Amino acid sequence: MPSGHNTEIRTDIPHSARIWNYWMGGKDNYDIDRQVGEASLEIDPDIGAMATESRRFLIRAVKHLAGEAGIAQFLDIGTGLPTMQNTHEVAQSIVPDARIVYVDNDPLVLTHARALLTSTTDEGVTTYIEADFHNPEQIVEEARNVLNFTKPIGVMFMGVLGHARTYEDLRRIVNTVMAAVPSGSYLVYWDGTTDSPHYVRMCDEYAKSGGVPYYPRTQDELRAVFEGLELLDPGFGPITHWRRPELELARVREIAAYGGVARKP
């Protein structure tokens, strides 16, 4: 997750992307990340489920966009560390010549992004931009070198915009990118909400650990991010429910993570 421009990998300060990787069973993390990750689980036992459910939401959303919606270009901003079934792997399994641009500014994420370039299809393109999402104009400018901005693009902000310094900044970032993409493009967005006092407390404690603060927002604030766009069914709601197979819904664990997928008219 973007967290201010870095020039070196810090192993003495926790990083949300590495902690997220730890919660998902990955190995790309350090002692400090594991310590904070375990302490966070004690405060909010649902955070591990949020990590895995967010990836399932990503997979369902990208499958829909690449399949039914016919999207062949994706701009994944604040991609975090790769785990299983990353955006390019899901998209290119359906559209082999899909073009995917990842954006992040963390050195460890970018090191892994270089490795991702070897797992793309022969027909497709997978690349990355080193940028902070607080500079959306730079992201759009560099993405134009890879993506065709006259054709629809799937824009993704997956659980990262809690790092936006203010809610106004969050809206500015999303609006700047969505203003640059053409009609028929999509926004895939989710974030943690204030519904869970355990999650709010966990975010407060994370900020005290030296990590870049993560600000939970209300459901209404997150829903407003989709203003001017056409939300796909089932609309704005828990990411655990978005187009999930009906047989699985009875076993869903409720978590404070909300979002949706919306089309730019």
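Below, the structure is looked at part by part. None of these values were measured; they are calculated from a predicted model. (Residues numbered from 1 in each chain as written. Predicted model: local features only at pLDDT ≥ 70, side-chain atom pairs only at ≥ 80, totals over all residues. Heavy atoms only, no water.)

Relative to the elements of secondary structure, Leu58 occurs in helix α3 (residues 47–66). Between the alpha carbons of Leu58 and Asn86 there is a distance of 8.4 Å; along the sequence they are 28 residues apart. Discounting chain neighbours no more than four positions away, the residues touching Leu58 are Gln85, Thr87, Met156 and Met158. (Helix = DSSP H or I, 4+ residues; strand = E, 2+ residues; numbered from the N terminus. Contact = heavy atoms within 4.5 Å.)

A large share of strand β8 (residues 257–263) lies buried, amounting to six of its seven residues. Across seven bridges, the pairing between strand β5 (residues 186–192) and β8 is antiparallel. Bridging across to β8, Tyr186 finds its partner in Arg263. Across two bridges, strand β7 (residues 237–238) lies against β8 in antiparallel orientation. Its bridge partner lying in β8, Gly237 is registered against Gly259. (Buried < 20%, exposed > 50% of the residue type's maximum accessible area, 1.4 Å probe, protein only. Pairing = 2+ DSSP bridges.)

Another point: the nonpolar core. Ranked by internal contacts, the top residues of the largest apolar core, which has 42 residues, are Trp20, Met50, Phe57, Phe74, Val188, Trp190 and Val261. For this core, the element with the most residues is α3, which contributes eleven residues. (Core = buried A, V, L, I, M, F, W, Y, C linked by side-chain atoms within 4.5 Å.)

Attention shifts here to the packing of aromatic side chains. For the coordinates displayed, the defined rule picks out six aromatic pairs. Arranged with centres 5.4 Å apart and planes meeting at 65°, the rings of Trp20 and Trp23 form a pair that is edge-to-face. Of this pair, Trp20 and Trp23 both sit in helix α1 (residues 16–23), three residues apart, which is roughly one turn of the helix. The exposure class of Trp20 is buried, given its relative accessible area of 15%. We classify Trp23 as buried; its relative accessible area is 14%. With a centroid separation of 5.9 Å and an interplanar angle of 55°, the aromatic rings of Tyr189 and Phe226 are classed as tilted. Here Tyr189, found in strand β5, pairs with Phe226, found in the loop between α9 (219–224) and β6 (230–231); they are 37 residues apart in sequence, far enough to count as distant. (Phe/Tyr/Trp six-rings, centres within 6.5 Å; stacked < 30°, edge-to-face > 60°.)

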